[in-house]
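# Examination of the molecular architecture
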Amino acid sequence: REEKERLGVKDDLKLTLNAVKVLEARYLLKDEEGKIIETPDQMFRRVANHVGVIDALYDYANFQKKGTVREDGKKISNLLNTQIEVLERGFNELVNDGVLKGTFGQFMDFIYTKPTIAEDTIEKFHKMMKSLEYVPNSPTMMNAGARLGQLSACFVLPVGDSIEEIFEAVKQTAEIHKSGGGTGFSFSRLRNKDDIVGSTKGVASGPVSFMKIFDTTTEVIKQGGKRRGANMGILRYDHPDIMEFITSKDSENTILKNFNISVGMEDEFFEKLDSDGYVDLKNPKTGKVVSRIKARTMWDSIITHAWKTADPGLIFLDEINRANPVKNIADIEATNPCGEQPLMPYESCNLGSINLAKFVKEDNTIDWDRLRETVHMSTRFLDNVVDANNFPVRQIKEMTRKTRKIGLGIMGFADMLIMLGVPYDSEEALKIAENVMSFLDLESHKESQNLAIERGVFPGWYGSEYEKEDILMRNSTTTTIAPTGTISIIAGCSSSIEPLFAIAFMRHVLNGQELIEVNPLFEEIMKKRNLYSEKLMQDVATTGNLSKIDLPEDLKRLFKTAHEIDPEWHVLMQATFQKYCDSGVSKTINLPNDATPEDIGKAYRLAKDLHCKGITVYRDRSKTEQVLYSGTSG
Ligand code: CDP
């Protein structure tokens, strides 16, 4: 408690110390002097106020259309100035879209005199966030009701093959990073190195050298003190500069430090790989074949570099586009920085995750009814964010409002499995994954259909796959599994669908002291079974896992950590979640330090064969900078 107060945070939600530290650094609003002016509960209230109030706009739309008001609503008693700002922006956009008509003043008269469900919605949103059952992505918490008002984590920007277009994209990147968003790019349209530049008759410098400009921009912006920006760079397998791209993150004093890179693969590559054939590398401008390379040679380079540096990953463009529900608008060429969100050029997506650890009942079963309710509420929340959002770039606003992509996912999956007594690397865990994700996908689609009836289909619905199947939808996608890197710390649960990273570890605190941090579920179970001792916790903290600890086998199996789990199980888990996920699944395929490039090749190939949308691996200690080490012995 003392430490929390020293940080200037009045913790009214009984969060973990780590959660409070994260909130203090970047989330809780501060005054001009840098003093924190809200509590964690007030932060969630601020978010609920600004996202929930959007409901009033749609109640007004129905009032204009049908003359009806919400029987179950009530009059709004008071609005904050910042809520009025959000409503005014949302109102003007809906007038532009032809959904509303009249003046903002008329709308304000409506909400002060007629019942709407906005207040009720605000209460529900607030409740599910403060109980840590649902947490939106970081930018929503940082910026809702604050100056920037940009609420999304994921963006994809097009990079055209001219100096003007490239630097336009650099500028847009800066705008996005300033607000805490991450950007993905396909560089495949840029002409290859040494191709002739028409206007000057000089030679082009190629995609990799332009990527460095984006990298430096990110470095300089550092997201306005909010968080360091992240990028995804993608190049197609048949671009002439592909081999330079694959090796671009090699150098020790790492260039492209702010980039993850992935090779954009198509089915054709794997056919060539299997038949020991050659890939034609084509000038993206003219389509002319510039050279050829053996598919096997490219593959060997990919897996060797992924072994060395964890880059490049792969994204499977054909798989992604087969699942693209709005093929009528554009093809997908890229994803966001962590790879879980495929997006069309200029599209953005806002994410949010349900903490599964909160849905295990006392009798160790899953509380499906409450989960259903939360899925519906959070789907509505994410749809509201599209209207509450202050988009940094005009084209992004237009594209995002056209497809209304949202990404509901989960975190605390490993915690849930432990509470249910099921090891991560087991058939039973895959079955639970399947049950949970199919339920989440189905219920969020149902809510999107409800919203379509209440608010209308997304504008790009006409001509989409949904129209062909005659399914009304408010959002072109509803589910994405995000890494939940920060929000899982805030919620105090295991991240995303990952297994535990360490059971216990030493944390360095001030004045050279060390504190042991033990996974709370482990501590609880050890106490229940009378196995707890300080000495044991100390021992566990030195290695991070239980492999060399004298404990009953069932516990060792239940608490296996990421590096002890066979890579194949990691891929199987990713593929199982992917089956029921509209967008992509964030998953790190952990490999031990002594894994070989062939092991990486196997994991990459398995991901392709199991219809994943992409894959990234991480071999323990393969990067010089690793944020988290399990155990102190490493
Ligand atoms: O937990 P949080 O909401 O902060 O984010 P996450 O689930 O770990 O990451 C979701 C997405 O946010 C990533 O895929 C990126 O698009 C973006 N992101 C970013 O731009 N910069 C970061 N430092 C972290 C995430």
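The structure displayed is predicted, hence computed values, not measured ones. (Residues numbered from 1 in each chain as written. Predicted model: local features only at pLDDT ≥ 70, side-chain atom pairs only at ≥ 80, totals over all residues. Heavy atoms only, no water.)

Turning our attention to helix H6 (residues 104-113). For H6, the complete set of buried residues consists of Phe 104, Phe 107, Met 108, Phe 110 and Ile 111. Considered in projection along H6, the buried side chains sweep an arc of 155° and stay on one side of the axis. In this structure, the buried residues of H6 make contact with helix H4 (55-66) and helix H5 (81-96). (Buried < 20%, exposed > 50% of the residue type's maximum accessible area, 1.4 Å probe, protein only. Helix = DSSP H or I, 4+ residues; strand = E, 2+ residues; numbered from the N terminus. Arc of directions from axis to C-beta. Contact = heavy atoms within 4.5 Å.)

Regarding helix H21 (residues 520-528), the residues found buried are Leu 521, Phe 522, Ile 525 and Met 526. An end-on view of H21 places all buried positions within 130° of arc, on one side of the element. Set apart from the buried face of H21 by more than 90 degrees, the exposed residues are Pro 520 and Lys 528. Regarding H21, its N-cap is Asn 519, as a side-chain oxygen of that residue lies 2.9 Å from the backbone nitrogen of Leu 521 further along. Just downstream of H21, Asn 530 is the residue with a positive phi angle, here 55°. (Polar contact = N/O pair within 3.5 Å; in protein donor to acceptor, adjacent residues only side chain to side chain.)

The next thing to look at is the domain arrangement of the chain. Structurally, the chain comprises domain 1 (2-120), domain 2 (154-322) and domain 3 (504-560). Taking only C-alpha atoms, the centre of domain 1 and the centre of domain 3 are 42 Å apart. (Domains from an automatic or database assignment.)

The next point concerns the pattern of salt bridges. According to the stated counting rule, one finds 54 salt bridges in the structure shown. Between Arg 189 and Glu 333 there is a salt bridge, and its shortest N-O distance comes to 2.3 Å. Of the two residues, Arg 189 sits in the loop between strand S3 (182-186) and helix H10 (207-221) while Glu 333 sits in the loop between helix H14 (317-322) and strand S9 (334-335), which places them 144 residues apart along the sequence. Arg 189 gets classed as partly exposed once you look at its relative accessible area, which sits at 45%. Look at Glu 333 and you get partly exposed, because its relative accessible area is 23%. (Salt bridge = Lys/Arg side-chain N within 4 Å of Asp/Glu carboxyl O.)

Turning to the site of the ligand, a few remarks are in order. The immediate surroundings of the ligand are formed by 20 residues, with Ser 138, Arg 227, Asn 336, Thr 484 and Gly 485 found nearest. Calculation on the ligand without its partners gives an accessible area of 530 Å², and the protein chains cover 90% of this total. Within the shell around the ligand, the residues separate by chemical class into nine nonpolar, eight polar and three charged. (Near = heavy atom within 4 Å. Areas by Shrake-Rupley, 256 points an atom, 1.4 Å probe, with all protein chains shown as cover. Nonpolar A, V, L, I, M, F, W, Y, C, P; charged D, E, K, R; others polar.)

What follows covers the nonpolar core. Looking at soluble globular proteins, one finds that nonpolar side chains tend to be buried together. Ranked by size, the top nonpolar core spans 88 residues in total, and within it Phe 107, Ile 111, Met 141, Phe 381, Phe 413 and Phe 577 carry the most contacts. Excluding its chain neighbours within four sequence positions, the residues that come into contact with Phe 413 are Leu 356, Tyr 424, Ala 429, Ile 432, Ala 433, Ser 494, Ser 496, Ile 497, Met 573 and Phe 577. If you look at the next biggest cluster of nonpolar residues, it comprises 78 residues, including Leu 317, Ala 330, Ala 575 and Ala 595. (Core = buried A, V, L, I, M, F, W, Y, C linked by side-chain atoms within 4.5 Å.)

What follows concerns the packing of aromatic side chains. Aromatic ring pairs are described here by two measures, namely the spacing of the ring centres and the angle between the planes. One pass over the full model with this rule turns up 26 aromatic pairs. Seen from their ring centres, Phe 91 and Phe 104 are 5.6 Å apart, and the 65° between their planes marks the pair as edge-to-face. On the criterion of sequence distance, the pair formed by Phe 91 in helix H5 and Phe 104 in helix H6 is long-range, its members being 13 residues apart. Phe 104 shares its class with Phe 91; the two are buried. Ring centres of Phe 269 and Trp 299 lie 6.2 Å apart, and the angle between their planes is 35°; on these two criteria the pair is classed as tilted. One end of the pair, Phe 269, is in helix H12 (residues 267-274); the other, Trp 299, is in helix H13 (residues 295-309), with 30 residues separating them in the sequence. Between Arg 619 and the ring centre of Trp 307, over which it is positioned, the NZ or CZ distance is 4.0 Å. (Phe/Tyr/Trp six-rings, centres within 6.5 Å; stacked < 30°, edge-to-face > 60°. Lys NZ or Arg CZ within 6 Å of the ring centre and 35° of its normal.)

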